[in-house]
Amino acid sequence: MNSFASYFRFIRENTPFLAVGALLSALSSFGQTFLIAVFAGEIREEYGLSNGDWGLIYMVATMASAGVMIYAGGLTDRFRVRSLGVVVLTLLALSCLGMAFNTHVLGLVFVIFCLRLFGQGMSSTISIVAISRWFIATRGRALAVSTLGFIIAEAALPLSSVWLKSHAEWRTIWVGFAMFILMMIPLLWYLLKLERTPQSSAKSDTAVGMDGRHWTRAEALRHPLFWTLAPAMALFPMLATAFWFHQVHFAEIKGWEHLKFVAVFPLGTFTFMGSTFLFGWAVDKFGVGRLLPIYLLPYSVAFIVHAFAPTIAWSALGVILMGLAGGGQSTLPGSVWSTYFGTAHIGSIKSAAVALMVLGSAIGPGLSGWLIDLGFEFDTQLLFYSATFVIASLAMVPAIKKAQTRLSAST
């Protein structure tokens, strides 16, 4: 009971800052695969694309956005959230309008690039970097609370979008998305009227990493820990994106109605919500290092369940397991870099990690779509994807043990 009271008191005392994180993470959904993929059927039909063609376009556009993120993410170390957030959200709204009015396949590549860069890339990065910098001892809980925005959007947007498609033309829906984002910009501005700047926060609330110091991005990129953890965490968006991206195709090969399949997604979202708070508490209690090697394992089991699922009810179990792992993905990557490399350059370091994750989310749809066109059914692919999660989890253990030793020695 005291834990719940402490959690609610923490939320009440930090509402404006937590709300900013939640708002930005929610609005990042308009560039996330779980929403774009809902319109995959209409997009493929509109532009005459196969699964492989659509996957290739998505891959190329997302890879380009990952390249830009390496540099754009560093802007979070130089500009206030209040200013940078407004610019990013305005560009995200314009990207939604681009999806609504574009008619050429080359324009589609640019639209997807913008949606991924300003949605999945910048909106989520600004949210995570701001929260990681504003909160030190309670970083896990703060990241968990801010992720609520993303969770609510993930629960509401796909199902409501599928329903809206039966009542409105799909391009009209994207105009509505743009209008909604523009209406949220004044709210962001209001919430941050008393914003702590990165500079003032850095002076009073910084936390050092390994060896008792702050690591620059160049130093972090030369350390083995980064190249052990970042690719492993990139597997999550890579393979999860492949699943959500091909949800229409997956339902088709299983013989399920898409709307009925989408209807079980909120089960994963509710699990995601509970898991996020659990991981947020666990990060503050046990440290991020102990949790990293285990959080991917539920996804491994989930893909096996999906592969062999004879009914939607069985696949619902897989969705729930994905939600369980999702709680770790929403909190651990946001905490791990500031824990081991310090907070002074967290925006630049985080942007490099995000670029790899975005790159993974680019490769997933393209690779899986290409394999589908070659005749490798998606449910068979899921079994191979399951094995990669186990391998990645085992590979993290020795690197984390070494880093933990250097972290403990500095405290």
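**Considering the nonpolar core**
Right, on to step 1. W54, W174, L292, W337, Y340 and F341 are the most contacted members of the largest nonpolar core, which has 143 residues in total.
Right, on to step 2. W337 has contacts with F226, L229, A230, M233, G342, I346, I349, K350 and A353, leaving out every residue within four places of it along the chain.

**Concerning the packing of helix α2 (residues 15–27) against helix α10 (residues 170–191)**
Right, on to step 1. At a minimum axis separation of 10 Å, α2 and α10 run at an interaxial angle of 160°. It follows from the interaxial angle that α2 and α10 lie roughly antiparallel. Crossing hand, α2 versus α10: left-handed. On the side of α2, the interface is formed by P16, A19, V20, L23, L24 and L27, while α10 contributes F180, I181, M184, L187, L188 and L191.

**A look at the pattern of salt bridges**
Right, on to step 1. This structure, assessed with the given rule, holds 3 salt bridges.
Right, on to step 2. When the shortest N-O distance is used, the salt bridge between E42 and K165 registers 3.1 Å. Highlighted residues: E42 in helix α4 (residues 40–47) and K165 in helix α9 (residues 148–165), separated in sequence by 123 residues.

**Remarks on α10**
Right, on to step 1. In this model α10 runs 32 Å from its N-terminal to its C-terminal C-alpha over 22 residues, within 8% of the 32 Å that 1.5 Å per residue would give.
Right, on to step 2. Within α10, burial applies to W170, R171, I173, W174, F177, A178, I181, M184, I185, L188 and L191.
Right, on to step 3. Lining the buried residues of α10 we find α2, α3 (33–36), α4, α6 (81–101), α7 (105–134) and α9.
Right, on to step 4. Its side-chain oxygen at 2.9 Å from the backbone nitrogen of R171, E169 defines the N-terminal cap of α10.

**Focus: the side chain of Q32**
Right, on to step 1. With respect to the helices and strands, the residue Q32 is situated in the loop between α2 and α3.
Right, on to step 2. In this structure Q32 comes out as buried when scored by relative accessible area, which is 11%.
Right, on to step 3. The residues touching Q32, leaving out its near neighbours within four places in the chain, are Y58, R116, Q120 and F150.

What counts, and where the lines are drawn
- Residues numbered from 1 in each chain as written.
- Predicted model: local features only at pLDDT ≥ 70, side-chain atom pairs only at ≥ 80, totals over all residues.
- Heavy atoms only, no water.
- Core = buried A, V, L, I, M, F, W, Y, C linked by side-chain atoms within 4.5 Å.
- Buried < 20%, exposed > 50% of the residue type's maximum accessible area, 1.4 Å probe, protein only.
- Contact = heavy atoms within 4.5 Å.
- Axes fitted to C-alpha atoms, helices over the stretch in contact; angles between N-to-C directions.
- Helix = DSSP H or I, 4+ residues; strand = E, 2+ residues; numbered from the N terminus.
- Parallel < 35°, antiparallel > 145°, perpendicular 65-115°, else oblique.
- Left-handed = near helix turned anticlockwise from the far one by under 90°.
- Salt bridge = Lys/Arg side-chain N within 4 Å of Asp/Glu carboxyl O.
- Expected span 1.5 Å × (residues − 1).
- Polar contact = N/O pair within 3.5 Å; in protein donor to acceptor, adjacent residues only side chain to side chain.

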